[in-house]
Structure formats: structure tokens, C-alpha cells
Amino acid sequence: MVMVKVAVGLMSVAAMVAAVPAMAHGQEIANDLERCASGGNGPAVLVDVRGFAAATGKVRVQSYPATKSAWLTKGEWLNRIDTPVRPANGAMRFCVPVPQPGKYGIAVRHDRDGNGKTDISRDGGGFSNNPSISIFNLGKPAVEKAAFYAGPGVTKITITLKYM
């Protein structure tokens, strides 16, 4: 009888673990600002990106789980928004949904000529929490510097672009 209860208990735990959604990777999404509007449904991050050096090219906003293994690792991003640069007063706003409340990092790249390649001498970038970037860390701050907590609603952050 005890063995049956233990087996049933273990199956219940296994069923609960299986029911927890895994974080989907690599979803290209549209910039749906309605999701972050007043009364919008989260969890999501409302990202204000400031400091565009030019109103040309494309901007890419990507969210990552705030783990060392995923942060800025190719193919480990959660959601990506790619759109032409259309700043108003040097800024643009993005709504990035996240799978659940937790720790995340956001990376932004301004590809000034829109060629899809990073040109370190022309293109700009920025990260959540606005950590310093330099040629010495190849513009890639540690996850601890960029990580922030996104709650169950809409979390607001501002990222200021930097150019080398």
C-alpha cells in the first residue's frame, strides 16, 4: 500500500513538471504595443530605446533568459523584433512578451545600413540596465549586468544605445 502511494505521488510530481511550459526559443514577433498598453496582459517588457544616431537601417530587439548559458548565445533568444528604424525624437518603443515572470535580459542592435551584419565602427547597441560596453568585452556585458526581473504585468525599462 505504501509503495502504491509513493508511486502515485511520484507520477503526480512528474505530471506537474511536464505541465510547466518550457521557454520557447527563436520566435520572431511583430511589435504589438497593444500588449503593453494600459490594462495590457503580461508578462511583457515595455522597452524604450533611446539615442538612435541616425533614422536609417533596422533595429533588432531580442529577449533572453538571464542565465549564463543562454545570454547572447546564438539561437537561445526567446523573442525577436526586427523593424525599420523610425525614431520619434531619437527614440522607439517596443513590447516584448516573456513566457512567465522571472529574470531576463534584453539586447538591442541598430544596424545603421540595414545590411544584416554588425559593423562595430558604425552600428549601435544596448542592453537592459545599460551596462558599459567596450572593445575589451566586445560589446557583450555579463548576464549579471543586464539581468532584470519581469513581473506578471508589464515591466518598463529604458535602453540607451551606444556607438563605438
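- In the annotation of an unreviewed UniProt entry, the entry for the protein chain reads DUF2141 domain-containing protein, and the organism field reads Sphingobium terrigena.

## Observations regarding the sheet that holds strand 9 (residues 154-160)
- Pairing in this open sheet of three strands is mixed, and the strands run 5-2-9 from one edge to the other. Bordering the open sheet on either side are strand 5 (91-97) and strand 9, each of which pairs with just one other strand. Looking at each pair of strands side by side, their axes are set apart by 20 degrees on average, direction ignored.
- When strand 2 (residues 44-50) meets strand 5, the two strands line up antiparallel, connected through seven bridges. Within strand 5, the position partnered with Ala44 by the bridge is Pro97.

## Here's the deal with the pattern of salt bridges
- Overall, the coordinates contain four salt bridges when judged by the stated rule.
- Taking the shortest distance from any N to any O, the salt bridge between Arg60 and Asp82 comes out at 2.9 Å. In this pair, Arg60 is assigned in strand 3 (residues 58-65) and Asp82 in strand 4 (residues 79-84), connecting sequence segments 22 residues apart.
- On the basis of relative accessible area, Asp82 is assigned to the partly exposed category, the value being 30%.
- Between Lys68 and Glu144 there is a salt bridge; the shortest N-O distance is 3.8 Å. Of this pair, Lys68 sits in the loop between strand 3 and strand 4 while Glu144 sits in helix 2 (residues 143-146), placing them 76 residues apart in sequence. There is no split in this pair, since Lys68 and Glu144 are both exposed.

## Overview of the environment of Ala30
- Within the secondary structure, Ala30 sits in the loop between strand 1 (27-28) and strand 2.
- Sequence separation between Ala30 and Thr83 is 53 residues; the distance between their C-alpha atoms is 8.4 Å.

## Considerations on the nonpolar core
- Within the largest apolar cluster, 21 residues are counted, with the highest numbers of intra-cluster contacts made by Val47, Phe94, Ile106 and Val108.
- Secondary structure elements with two or more residues in this core: strand 2, strand 3, strand 5, strand 6 (102-111), strand 8 (148-150) and strand 9.
- Once residues within four sequence positions are removed from consideration, Val47 is found in contact with Met92, Arg93, Phe94, Val96, Ile106, Ile157 and Ile159.
- In this structure, Tyr64, Trp71, Trp77 and Val143 belong to the second largest nonpolar core, which totals seven residues.

## Let's talk about the packing of aromatic side chains
- For the structure on display, the rule yields two aromatic pairs.
- Centre to centre, the rings of Tyr64 and Trp71 are 5.4 Å apart; their planes meet at 75 degrees, and the pair counts as edge-to-face.
- Judged by relative accessible area, which is 5%, Tyr64 ranks as buried.
- Since its relative accessible area comes to 7%, Trp71 is described here as buried.
- Summarising the aromatic geometry, the rings of Trp71 and Phe127 are spaced 5.9 Å apart at their centres and angled 65 degrees between planes, so their arrangement reads as edge-to-face. Here Trp71 is found in the loop between strand 3 and strand 4, whereas its partner Phe127 is found in strand 7 (residues 124-127), with 56 residues between them in sequence.
- Assessed through its relative accessible area of 9%, Phe127 is described here as buried.

Calculation notes
Residues numbered from 1 in each chain as written. Predicted model: local features only at pLDDT ≥ 70, side-chain atom pairs only at ≥ 80, totals over all residues. Heavy atoms only, no water. Pairing = 2+ DSSP bridges. Helix = DSSP H or I, 4+ residues; strand = E, 2+ residues; numbered from the N terminus. Axes fitted to C-alpha atoms, helices over the stretch in contact; angles between N-to-C directions. Salt bridge = Lys/Arg side-chain N within 4 Å of Asp/Glu carboxyl O. Buried < 20%, exposed > 50% of the residue type's maximum accessible area, 1.4 Å probe, protein only. Core = buried A, V, L, I, M, F, W, Y, C linked by side-chain atoms within 4.5 Å. Contact = heavy atoms within 4.5 Å. Phe/Tyr/Trp six-rings, centres within 6.5 Å; stacked < 30°, edge-to-face > 60°.

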